[in-house]
Amino acid sequence: MTITRAQRRPTQHACPLAAVGEPLTIACSTATSPGPRQGVDGRRYGSPVPPPVLPAALQHRPMHPDDAPAWADLLAVIEEVDGTGEHHSAADLARELADPDLDLDHDSVLVLDGGRPVAYQVLRLRAGPDGNVVHTDGGVHPAFRARGLGSYLLDLAQRRAGDLDAGLQVRVPAHVADAVALAEGAGFVAARWWSTLHRDLTRPVEPAPLAEGLELHLLGPGYDAVRWDEPLRAARNASFAGHFGSAPESADTFAHHRTGSRAFRSECSAAACTPDGQVVGFLLAFEFDARTAATGNRDLYVMTVGTLEPWRGRGIGGALLAHALLRAQEQGFGSSSLTVDEENATGALGVYTRAGYGVASRAVTYVPTLWPASRRFPVRESPDSGARVDG
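The sections below set out a description of the structure shown in this document. (Residues numbered from 1 in each chain as written. Predicted model: local features only at pLDDT ≥ 70, side-chain atom pairs only at ≥ 80, totals over all residues. Heavy atoms only, no water.)

So, the packing of aromatic side chains
The relation between two aromatic rings is expressed through the spacing of the ring centres and the mutual angle of the planes.
Here is step 1: With the rule as written, the count across this model stands at six aromatic pairs.
Here is step 2: Here Tyr-223 and Phe-264 contribute two aromatic rings whose centre-to-centre distance is 5.3 Å and whose plane-to-plane angle is 85°, an arrangement assigned as edge-to-face. Remark: Phe-264 occurs in the loop between helix H7 (251–259) and strand S10 (270–273) and Tyr-223 occurs in the loop between strand S9 (215–218) and helix H6 (225–239); sequence separation between them is 41 residues.
Here is step 3: A relative accessible area of 18% means that Tyr-223 is categorised as buried.
Here is step 4: Taken together, Tyr-223, Phe-264, Phe-286, Phe-288 and Tyr-301 form an aromatic cluster joined through their ring pairs.
Here is step 5: Across the ring face of Trp-228, the terminal group of Arg-227 is positioned such that the distance to the ring centre comes to 3.8 Å.
Here is step 6: When the ring centre of Phe-333 is taken as origin, the NZ or CZ atom of Arg-298, which lies over that ring, is 4.0 Å away. (Phe/Tyr/Trp six-rings, centres within 6.5 Å; stacked < 30°, edge-to-face > 60°. Helix = DSSP H or I, 4+ residues; strand = E, 2+ residues; numbered from the N terminus. Buried < 20%, exposed > 50% of the residue type's maximum accessible area, 1.4 Å probe, protein only. Lys NZ or Arg CZ within 6 Å of the ring centre and 35° of its normal.)

Let's talk about the pattern of salt bridges
Here is step 1: Under the counting rule described, the total for this entry stands at 16 salt bridges.
Here is step 2: We note a salt bridge from Asp-82 to Arg-145, for which the minimum N-O separation is 2.9 Å. Of this pair, Asp-82 sits in helix H1 (residues 68–82) while Arg-145 sits in the loop between strand S6 (131–140) and helix H4 (149–163); the two residues are 63 residues apart in sequence, bridging distant segments of the chain. Here Asp-82 matches Arg-145 in class, with each residue buried.
Here is step 3: In this structure, the salt-bridge partner of Arg-265 is Asp-289, at a minimum N-O distance of 3.1 Å. Of this pair, Arg-265 sits in the loop between H7 and S10 while Asp-289 sits in helix H8 (residues 289–295), and the two are 24 residues apart along the sequence.
Here is step 4: Residue class for Arg-265 comes out buried when judged on its relative accessible area of 12%.
Here is step 5: Through salt bridges that share partners, Arg-265, Glu-287, Asp-289 and Arg-298 make up one connected network. (Salt bridge = Lys/Arg side-chain N within 4 Å of Asp/Glu carboxyl O.)

Regarding the side chain of Arg-291
Here is step 1: Its location among the elements puts Arg-291 in helix H8.
Here is step 2: Within polar-contact distance, the side chain of Arg-291 engages the side chain of Asp-299 at 3.5 Å.
Here is step 3: The residues touching Arg-291, leaving out its near neighbours within four places in the chain, are Gly-85, His-87, Gly-296, Asn-297, Asp-299 and Ser-337. (Polar contact = N/O pair within 3.5 Å; in protein donor to acceptor, adjacent residues only side chain to side chain. Contact = heavy atoms within 4.5 Å.)

Quick notes on the nonpolar core
Here is step 1: Formed by 47 residues in total, the largest nonpolar core has its most connected members in Trp-228, Leu-232, Val-279, Leu-283, Leu-321, Tyr-352 and Tyr-357.
Here is step 2: Elements that contribute at least two residues to this core include exactly H6, S10, strand S11 (279–286), strand S12 (299–307), helix H9 (316–330), strand S13 (335–341) and helix H10 (348–354).
Here is step 3: Leave out the neighbours within four places in its chain, and Leu-283 touches Leu-219, Cys-268, Ser-269, Ala-270, Val-302, Thr-304, Val-305, Leu-320, Leu-321 and Ala-324.
Here is step 4: Residues Ala-161, Val-176, Ala-179 and Val-180 belong to the second largest nonpolar core, which totals 20 residues. (Core = buried A, V, L, I, M, F, W, Y, C linked by side-chain atoms within 4.5 Å.)

Examining the packing of H6 against H7
Here is step 1: The interhelical angle for the contact between H6 and H7, taken along N-to-C directions, is 95°, at an axis separation of 10 Å. Taken together, H6 and H7 sit at an angle that is classed as roughly perpendicular. Contacts between H6 and H7 involve Asp-229, Leu-232, Arg-233 and Arg-236 from the first element and Ala-251, Phe-254, Ala-255, Arg-258 and Thr-259 from the second.
Here is step 2: Taken together, the residues that form the contact of H6 with H7 break down as four nonpolar, one polar and four charged. (Axes fitted to C-alpha atoms, helices over the stretch in contact; angles between N-to-C directions. Parallel < 35°, antiparallel > 145°, perpendicular 65-115°, else oblique. Nonpolar A, V, L, I, M, F, W, Y, C, P; charged D, E, K, R; others polar.)

Below you can see the structure in the form of structure tokens.
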């Protein structure tokens, strides 16, 4: 089964967990907790429930910074079976393990068969307007599925969310049936749909001018972090305020995941500014070297596009996107991709479809059935495609 990795940080990625038919026991607390209490997702935490049991002959421990090469090998095997289209280098994963917001001792686990990793899980806590939420990122080696490992990892995630008094969200690829079965068998319901969009860059790209009075500032080559990091971070936090799964980012988090990433391509990134220098729109583009090596094609991944609310509806997102695609064509990229929230209400779908993107794959976020109504989101069996970009 596959639980996607796209939520744990702002890059691409998705990965697998268990198999259909695994027995699943959800225990949301440790046996030593002092007493039961009601959690934000409606479950009772702190009850004397036995901890989850790891299948025989396997061991587990927290992940370490030097696990990156073995983790990359595990993800490569998972991708071959599940067809996620995501590829990971050891260098990229080492940077993930160095995330300043990640507590490896408490929020990661590596399952071993002897010394070989056969499953993993990384949990990421985000503070949102409706309370804290834990996002899962986990996978199981295909040869070790149908042994209860997926259920084991999901059980650990539920317990950790209970310890943190947080809700739990599980995003899975819609085409991986056993991932969907694990989430639904655990009592989760679909809450949000996501689309990965693709555009062939051998097709022409039409330029789109910025609105009158705005200036286009190229962010590279030679990105100036001192000049741009703080204005871009402020624009990112403001433009995504209130969006599903989004939370304000600190300066360290923004730099680590976005402009300081190995994948950041400043030469295809830009900001739209007023004459006095205020950033009112921006686009940050990435390229994943491991994907390029695996496919032989350079793909420009549009990581983040945002427009401040007072400036929406003026074509800023479309102009920034056209600029990025034209720059990508000049530099030999063969395609572009991005991931969008299908429930986005800012009119982003039109921005992407007009730019020539089409749906390549979909994923769905599951939440516990017992989440209170104030924390639930619209559920649709077959939603129309939408987008998370702010135009």
